[in-house]
Amino acid sequence: MAVNKKVPLRKCVATGEMLPKKEMIRVVRSKEGEVSVDVSGKKPGRGAYVSKSEQAIDIARKKNVLGHQLDVKIPEEIYEELLTIIRRESIL
């Protein structure tokens, strides 16, 4: 008898969709206030999830959703890093 594993779901802060954790990218704010992209999903700190789509990143950038969720100003480099990760995965 096979046991079905429960797939952890997370909510995208940009689109509001509930998706499996593996289909999301986590952006984390450390206690020092530094913002970074957490590909592994295990960094300590306050995290927010964004869908792995360029549309979701654009929505998050325009509405400043990540900034509101993490209570910190999000540098433009974070959005560029997110887009780079998404584009790299779409090539593979």
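If you're wondering where the values come from, they're calculated on a predicted model, not measured in any experiment.

Side note on the pattern of salt bridges
For the structure on display, the rule yields 5 salt bridges. With a closest N to O distance of 3.0 Å, Lys52 and Glu89 form a salt bridge. Here Glu89 lies in helix α3 (residues 76-91) and Lys52 lies in the loop between β5 (46-51) and α1 (54-63), a separation of 37 residues in the sequence. Salt-bridge contacts for Arg61 lead to Glu80; the nearest nitrogen and oxygen are separated by 3.1 Å. Separated by 19 residues along the polypeptide, Arg61 in helix α1 and Glu80 in helix α3 bring together distant segments of the chain. Among the residues examined, Glu80 registers a relative accessible area of 38% and is labelled partly exposed. Three or more residues joined by partner-sharing salt bridges are found here, namely Arg61, Glu76 and Glu80.

With respect to α1
The set of residues buried in α1 consists of Ala56, Ile57 and Ala60. Taken end-on, α1 shows its buried residues confined to a sector of 100°, consistent with a single buried face. Exposed residues pointing more than 90 degrees away from the buried face of α1 are listed as Gln55, Lys62 and Lys63. Of the surrounding secondary structure, the elements contacted by the buried residues of α1 are β5, α2 (65-70) and α3. Just downstream of α1, Asn64 is the residue with a positive phi angle, here 55°.

Quick look at α3
With 16 residues, α3 extends 23 Å from end C-alpha to end C-alpha; this agrees with the ideal 22 Å at 1.5 Å per step. Residues of α3 that are buried include every one of Ile78, Tyr79, Leu82, Leu83, Ile85 and Ile86, and no others. Taken end-on, α3 shows its buried residues confined to a sector of 155°, consistent with a single buried face. Opposite the packed face of α3, turned more than 90 degrees from it, sit the exposed residues Glu77 and Ile91. As for α3, its buried residues are in contact with β3 (24-29), β4 (35-38), β5, α1 and α2.

So, the layout of surface pockets
There is about 290 Å³ of room inside the largest pocket. Lining the largest pocket are 18 residues, with Lys21, Lys22, Met24, Val39 and Ser40 positioned closest to its centre. Going through the elements one at a time, β3 and α3 are the ones with two or more residues in the lining of the largest pocket. With 3 residues, the top contributor of residues to the lining of the largest pocket is β3. Looking at the lining of the largest pocket residue by residue, the class counts come to 8 nonpolar, 2 polar and 8 charged.

The rules behind these values
- Residues numbered from 1 in each chain as written.
- Predicted model: local features only at pLDDT ≥ 70, side-chain atom pairs only at ≥ 80, totals over all residues.
- Heavy atoms only, no water.
- Salt bridge = Lys/Arg side-chain N within 4 Å of Asp/Glu carboxyl O.
- Helix = DSSP H or I, 4+ residues; strand = E, 2+ residues; numbered from the N terminus.
- Buried < 20%, exposed > 50% of the residue type's maximum accessible area, 1.4 Å probe, protein only.
- Arc of directions from axis to C-beta.
- Contact = heavy atoms within 4.5 Å.
- Expected span 1.5 Å × (residues − 1).
- 1 Å grid on protein atoms, 1.4 Å probe; cavity = no way out; pocket = protein on both sides within 12 Å on 5 of 7 lines; lining within 4 Å.
- Points joined across faces, edges and corners; volume = space filled by probe spheres on them.
- Nonpolar A, V, L, I, M, F, W, Y, C, P; charged D, E, K, R; others polar.

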